[in-house]
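Structural characterization, general
Read off the chains here:
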Amino acid sequence: MNFKLRSNYQPRGDQPAAIEQLTRGVEGGEKHQVLLGVTGSGKTFTVAKLIEACNRPALVLAHNKTLAAQLYHEFKSFFPENAVEYFVSYYDFYQPEAYVPSADIYIDKEATINDELDKLRMSATRSLFERRDVIIVASVSCIYGIGSPEAYYGMLVTLEKGQRTSREALLHRLVDIQYERSEDLRRGTFRVRGGITSCRRSRETAPSSRFRKNFGGGKKNWRNRGNLSKRSALCNAPCLISK
């Protein structure tokens, strides 16, 4: 899918020349280009037009979460039909381990993880695997990668319409990718009740995002509760579960 910019604005002033020059530089393989402009001069819109013209996946880096969040919402409004994702550190609080020699005190590491930010990071990673019309807005913490693509693929469970599998095999695989069994079906958990196995993927929190598999009565087809994604459990394409 191509990038489609939706905006009531049109390039004005120096913007058309800047967009053309930047596009020419990208297509010519230039590694470094600088766009100068005062606050409020339309630099984000210019970059959005550049992304549309080049039609390539884009990584937008910001030096802090506040600016990243602002840019995320702006690009989200410019590209409502494309995948605009948010990838920042999921720590609300982080204190590294430390040792104070003068007092002979060891301070253990302490961290608080924001569940919503973790979900957005998972969504960003999933989009990179599934499509090319992706804009990732990130803070500099993204340089501390999440592992190789091969390792990520190893943490996937793929389910297809009509696929036959045993309940034990599925449950073992869910545990392998760090899903937890819980009666309270939260993000990244699964629930087993009789012959019904229900699961909520780690990148989804909406009540309609859960889906289940019926192992009773010889029925082994996936059924979903609501619209999961383009790779729906009811489509012939595989349904992916990832941690």
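Refer to the structure presented above.
Residues numbered from 1 in each chain as written. Predicted model: local features only at pLDDT ≥ 70, side-chain atom pairs only at ≥ 80, totals over all residues. Heavy atoms only, no water.

1. Observations concerning the overall build of the protein
The secondary structure content of the protein amounts to six helices and 14 strands. Taking all 243 residues of the protein together, 38% fall into the buried category. Taking as baseline every contact in the protein between residues at least 6 positions apart, the subset at least 24 positions apart corresponds to 57%. On the protein, roughly 14600 Å² of surface is accessible, and the fraction owed to carbon and sulfur atoms is 51%. (Helix = DSSP H or I, 4+ residues; strand = E, 2+ residues; numbered from the N terminus. Buried < 20%, exposed > 50% of the residue type's maximum accessible area, 1.4 Å probe, protein only. Contact = heavy atoms within 4.5 Å. Areas by Shrake-Rupley, 256 points an atom, 1.4 Å probe, with all protein chains shown as cover.)

2. Comments concerning the packing of aromatic side chains
This structure, assessed with the given rule, holds four aromatic pairs. Note on Tyr9 and Phe45: the rings are 6.2 Å apart at their centroids and 70° apart in plane angle, and the pair reads as edge-to-face. Of this pair, Tyr9 sits in the segment before helix H1 (15-27) while Phe45 sits in helix H2 (residues 43-54), and the two are 36 residues apart along the sequence. Grouped by ring-pair contacts, the aromatic residues Tyr9, Phe45 and Phe78 constitute a single cluster. (Phe/Tyr/Trp six-rings, centres within 6.5 Å; stacked < 30°, edge-to-face > 60°.)

3. Focus: the nonpolar core
By size, the foremost hydrophobic cluster in this structure holds 21 residues, and its most contacted members are Ile51, Phe75, Phe79, Tyr86, Ile135 and Val137. For this core, the secondary structure elements donating two or more residues are H2, strand S1 (58-62), helix H3 (65-78), strand S2 (83-87), helix H4 (115-130) and strand S7 (134-139). Setting aside chain neighbours within four positions, we find Ile51 in contact with Phe3, Arg56, Ala58, Phe75, Phe79 and Ile135. Of all hydrophobic cores here, the second largest spans ten residues; its members include Leu170, Leu171, Leu174 and Tyr179. (Core = buried A, V, L, I, M, F, W, Y, C linked by side-chain atoms within 4.5 Å.)

4. Side note on the environment of Leu59
Within the secondary structure, Leu59 is located in strand S1. For Leu59, a relative accessible area of 53% corresponds to the exposed category. The spacing of Leu59 and Ile135 is 76 residues in sequence and 5.9 Å in space, taken between C-alpha atoms. Sequence-distant contacts of Leu59, defined by excluding residues within four places in its chain, comprise Ile136 and Ala138.

5. Here's the deal with the sheet that holds S2
Spatially, the three strands line up as an open sheet ordered S1-S7-S2, and their pairing is parallel. One side of each edge strand has no neighbouring strand; the edge strands of this open sheet are S1 and S2. Averaged over neighbouring strand pairs, the angle between their axes works out to 20° when direction is ignored. Sheet topology places S2 next to S7; five bridges connect them, and they run parallel. Paired with Val84 across the two strands is Ile135, which belongs to S7. (Pairing = 2+ DSSP bridges. Axes fitted to C-alpha atoms, helices over the stretch in contact; angles between N-to-C directions.)

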